[in-house]
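Close look at the chain arrangement
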Amino acid sequence: MGVPSGRSQSRVAERVLRVLRCLSCHGGLEESERGLACVDCGKEYPRVDGVIRFVDKQQYAGSFGFQWHVHALTQLDTDESKRSENAFRQRTGFCPEDLAGKLVLDVGCGMGRFADVATRWGAHVVGIDLSLAAEVAARNLAGRDATIFQADMFHLPFAPESFDFIYSIGVLHHTPDCEGAFKSLPGLLKPGGRIAIWLYSRYNSWYRMSDVYRKVTRRMPARILYTLCYGVVPLYGIHQVLKRIPLVGRPASSALAYAIPMAFHPDRTWRILDTFDWYSPWYQSKHTYEEVFRWFESCGLEELRVVEQPIAVQGRRPRSVELSTRQAAEVSQCAG
């Protein structure tokens, strides 16, 4: 599937440039002929294919670069469908009134699915992705209030207390250290700012067999695995037939789903994409509310609440006047 035509990013918005920092010396950055350069040490961060690069390789995220180049438009909302907007509400608890006019960090933006929603709600979104999906997001969001970088969430190029809101939807569990990835984020919130994350749940067992298969599938070339994922098309049909058989049909369908876990989205294209997204990542952890709440609390975040779709948690960084000495130390520690 193609990518919409349009101008990729050129200049970095001034409000974003003010919060950027050099990864080497933490000095401020300014525009240069090649991209961005540190005003203190002179280190350069090149712009390649319309995206500033704070990393020089995709590391463990290559499968995501592949899938979002293939499915550059699949999950973008249309006049007929607001699937991504609905998912954004269900997994963050944010609404348009929250984000309008705010500077928002999208951690693991992929092809820009949720950044598209946030910019339509009036936010200026800074999206980061470790994979080459950043290129697709930059093209999808050309002309919007969005700035996309290829960057590593464990080494983010931002000053502390930069963002009004931060969200990460379905991304942190694909890193080698989900807890560590989360704890790199609260220190980037302004006092009073809010953060929301959505992670895979550990409360059910339907994925057990897929964890066995993933020992092989995550090592497969992306194109081969993607081709195999077309097998969910006839499998979906088999499930529909089984469910119509009285008494034994639904148990048989459940047993098949346990033996061969797959996406059951009614849209064929989304079904193939979601199944590939499940089997391809190198890392894939699952979590409980108990442990995620501990992460939030250890970073001094307050007003924690469970959002609609498990595992989704939102919290707020205390305002400066409310910060106790202990809370300030906790947030500072989480900022790394």
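Below is a short write-up of the structure. (Residues numbered from 1 in each chain as written. Predicted model: local features only at pLDDT ≥ 70, side-chain atom pairs only at ≥ 80, totals over all residues. Heavy atoms only, no water.)

Some thoughts on unusual backbone geometry
Of the consecutive residues proline 310 and isoleucine 311, the connecting peptide bond is found in the cis state with omega at -15 degrees. Among the structural elements, isoleucine 311 can be located in the loop between strand S10 (302–306) and strand S11 (312–316). A positive phi angle is found at histidine 26, which is not glycine, with a value near 70 degrees. (Helix = DSSP H or I, 4+ residues; strand = E, 2+ residues; numbered from the N terminus.)

Observations concerning the packing of aromatic side chains
All told, the structure shown has 21 aromatic pairs when counted by the stated rule. Between phenylalanine 158 and phenylalanine 163, the ring centres sit 5.1 Å apart and the planes meet at 90 degrees, which makes this aromatic pair edge-to-face. Considered together, phenylalanine 158 and phenylalanine 163 belong to a single accessibility category, that of buried residues. A ring pair is formed by tyrosine 226 and phenylalanine 276, whose centres lie 5.7 Å apart and whose planes are at 80 degrees; its orientation type is edge-to-face. Within this pair, whereas tyrosine 226 is found in helix H9 (residues 222–228), its partner phenylalanine 276 is found in helix H12 (residues 268–279), the two being separated by 50 residues in sequence. Here tyrosine 226 falls in the buried class, since its relative accessible area comes to 11%. Overall, the relative accessible area of 0% leaves phenylalanine 276 in the buried class. A connected cluster of aromatic rings, assembled from ring pairs, spans Tyr45, Phe54, Phe149, Phe158 and Phe163. Of note, arginine 83 hangs over the ring of tryptophan 270, and the distance from its end group to the ring centre comes to 4.9 Å. (Phe/Tyr/Trp six-rings, centres within 6.5 Å; stacked < 30°, edge-to-face > 60°. Buried < 20%, exposed > 50% of the residue type's maximum accessible area, 1.4 Å probe, protein only. Lys NZ or Arg CZ within 6 Å of the ring centre and 35° of its normal.)

Focus on the environment of tryptophan 206
Relative to the assigned elements, tryptophan 206 resides in the loop between strand S9 (189–198) and helix H8 (208–217). Given the relative accessible area of 37%, tryptophan 206 is considered partly exposed. Here the alpha-carbon distance between tryptophan 206 and serine 254, two residues 48 residues apart in the chain, equals 9.3 Å. Beyond its immediate stretch of four places on either side in the chain, tryptophan 206 contacts Tyr258, Pro261 and Trp278. In terms of polar contacts, tryptophan 206 uses its side chain to reach the side chain of asparagine 204, at 3.2 Å. (Contact = heavy atoms within 4.5 Å. Polar contact = N/O pair within 3.5 Å; in protein donor to acceptor, adjacent residues only side chain to side chain.)

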